[in-house]
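Examining the three-dimensional arrangement
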Amino acid sequence: MFLLFFVFIFLGIYVIFSEEIRTVKERDPAATSALEVLLLYPGLHALVVYRISHQLWEWKVPLIPRWLSQTARFFTGVEIHPGAQIGKSFFIDHGMCVVIGETAIVGDNVLLYQGVTLGGTGKETGKRHPTLGNNVVVGAGAKILGNITIGENSYIGANAVVIKEVPPNSTVVGIPGRITKQEGRKIDMELDHMHVSDPVMENMNRLLGRIKTLEKKTGCEAPKGESDLDFNI
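The paragraphs below set out a description of the structure included in this document. (Residues numbered from 1 in each chain as written. Predicted model: local features only at pLDDT ≥ 70, side-chain atom pairs only at ≥ 80, totals over all residues. Heavy atoms only, no water.)

**Notes on unusual backbone geometry**
- In this structure, proline 176 follows isoleucine 175 across a cis peptide bond, with omega equal to -10°.
- Residue placement: proline 176 occurs in the loop between β14 (170-173) and β15 (178-181).
- Within the chain, lysine 60 stands out as a residue other than glycine whose phi angle is a positive 60°.
- Summarising the element assignment, lysine 60 is placed in the loop between α4 (42-58) and α5 (64-76).
- Assessed through its relative accessible area of 73%, lysine 60 is described here as exposed.
- Unlike most non-glycine residues, asparagine 135 shows phi in positive territory, near 65°.
- Examined against the element boundaries, asparagine 135 turns out to sit in the loop between β8 (131-132) and β9 (137-138).
- With relative accessibility at 14%, the residue asparagine 135 sits in the buried group. (Helix = DSSP H or I, 4+ residues; strand = E, 2+ residues; numbered from the N terminus. Buried < 20%, exposed > 50% of the residue type's maximum accessible area, 1.4 Å probe, protein only.)

**With respect to the sheet that holds strand β2 (residues 85-86)**
- Taken in spatial order, the 4 strands of this open sheet run β2-β5-β8-β11, and their pairing is parallel. Here the strands that pair on one side only, and so sit at the sheet edges, are β2 and β11 (149-150).
- Two elements, strand β5 (residues 105-106) and β8, share 2 bridges in a ladder whose sense is parallel. Residue pairing across strands places isoleucine 105 opposite threonine 131, the latter belonging to β8. (Pairing = 2+ DSSP bridges.)

**Details of the pattern of salt bridges**
- Under the counting rule described, the total for this entry stands at 2 salt bridges.
- When the shortest N-O distance is used, the salt bridge between arginine 128 and glutamate 102 registers 2.7 Å. In this pair, arginine 128 is assigned in the loop between β7 (117-119) and β8 and glutamate 102 in the loop between β4 (98-100) and β5, connecting sequence segments 26 residues apart.
- On the accessibility criterion, glutamate 102 (24% relative accessible area) is partly exposed. (Salt bridge = Lys/Arg side-chain N within 4 Å of Asp/Glu carboxyl O.)

**Overview of α5**
- Spanning 13 residues, α5 covers 18 Å between terminal C-alpha atoms, matching the ideal 18 Å at 1.5 Å per step.
- All buried positions along α5 are accounted for by Pro65, Leu68, Ser69, Ala72 and Thr76. Considered in projection along α5, the buried side chains sweep an arc of 95° and stay on one side of the axis. Along α5, the residues that are exposed and aim more than 90 degrees away from the buried face are Trp67 and Phe74.
- The positive-phi residue at the C-terminal boundary of α5 is glycine 77, with phi of around 80°. (Expected span 1.5 Å × (residues − 1). Arc of directions from axis to C-beta.)

**Concerning the environment of isoleucine 13**
- Within the fold, isoleucine 13 resides in helix α1 (residues 2-16).
- For isoleucine 13, a relative accessible area of 19% translates into the label buried.
- Expressed as a C-alpha distance, the spacing of isoleucine 13 and valine 48, which sit 35 residues apart in the sequence, is 7.7 Å.
- When near neighbours in sequence (up to four residues on either side) are disregarded, isoleucine 13 contacts Ser18, Leu38 and Val48. (Contact = heavy atoms within 4.5 Å.)

**Comments concerning the packing of aromatic side chains**
- Scanning the entire structure with this criterion turns up 1 aromatic pair.
- For the pair phenylalanine 74 and phenylalanine 75, a centre-to-centre distance of 5.1 Å together with 90° between the ring planes defines the contact as edge-to-face.
- The exposure class assigned to phenylalanine 74 is exposed, which follows from its relative accessible area of 67%.
- Note on phenylalanine 75: relative accessible area 65%, which makes it exposed. (Phe/Tyr/Trp six-rings, centres within 6.5 Å; stacked < 30°, edge-to-face > 60°.)

**Some points on the packing of α4 against α5**
- Here α4 crosses α5 at 175°, and the two axes come no closer than 8 Å. When the axes of α4 and α5 are compared, the pair comes out roughly antiparallel. Between α4 and α5, the residues in contact are Pro42, His45, Ala46, Val49, Ile52, Ser53, Leu56 and Trp57 and Ile64, Pro65, Arg66, Leu68, Ala72 and Thr76, respectively.
- Considered class by class, the residues forming the contact of α4 with α5 number 10 nonpolar, 3 polar and 1 charged. (Axes fitted to C-alpha atoms, helices over the stretch in contact; angles between N-to-C directions. Parallel < 35°, antiparallel > 145°, perpendicular 65-115°, else oblique. Nonpolar A, V, L, I, M, F, W, Y, C, P; charged D, E, K, R; others polar.)

**As for a nonpolar patch on the surface**
- Residues Leu35, Leu39 and Leu40 make up a contiguous nonpolar surface patch of about 310 Å² in total accessible area.
- You can see leucine 35 is positioned in helix α3 (residues 34-40).
- For leucine 35, a relative accessible area of 53% corresponds to the exposed category. (Patch = residues over 30% accessible without salt bridge, like charges linked within 9 Å, V, L, I, M, F, W, Y side chains within 5 Å. Areas by Shrake-Rupley, 256 points an atom, 1.4 Å probe, with all protein chains shown as cover.)

Coordinates in, geometry out; function isn't part of it.
Below, the structure is given as structure tokens:
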């Protein structure tokens, strides 16, 4: 009887969260089956508990929604406040140390990696957490803080700290976050994290190129013992 109860629960989760399970399988090459996702993915488990606690929060049930979210945090390492608003096809990869604040709004088809924080910046009241548009990817360890909007189809690089608005179709890297356009095209949800453009490095390379041009025009030579290779970035 006890086993049948759990089978019924898992079947219900599989039906209700079939879209999220399919999203995990599409985006994570390590996911080999729906059963594996259902049983072993903490991001999905945290999302299931969040959907329940969020509905209780909407019904203004006291204490229980927060208790559920803290229980999910204990078992999954993912803390989602029941007051947050999260869209469809949401995926948290790995999940550990993800924090989503009370007034955060997350659009559809959003992907968060481990260590992401959607947090506030102080003790202000009202809307104090970020809003993420559709198709946003947030890299591992990134922090998005305050009542700011991340435009749709944008990518936040690993460990970036974002405290300002981000327009659509952008990449943000660094501390504090710096914005670089991706030629107005949609970011690939399976983006290669090793090849994210960095506007600071791009500008440094341009400056070094201009210095080399000036050296040639003026006949100025590099100091002894130094070569162009010493300045490659």
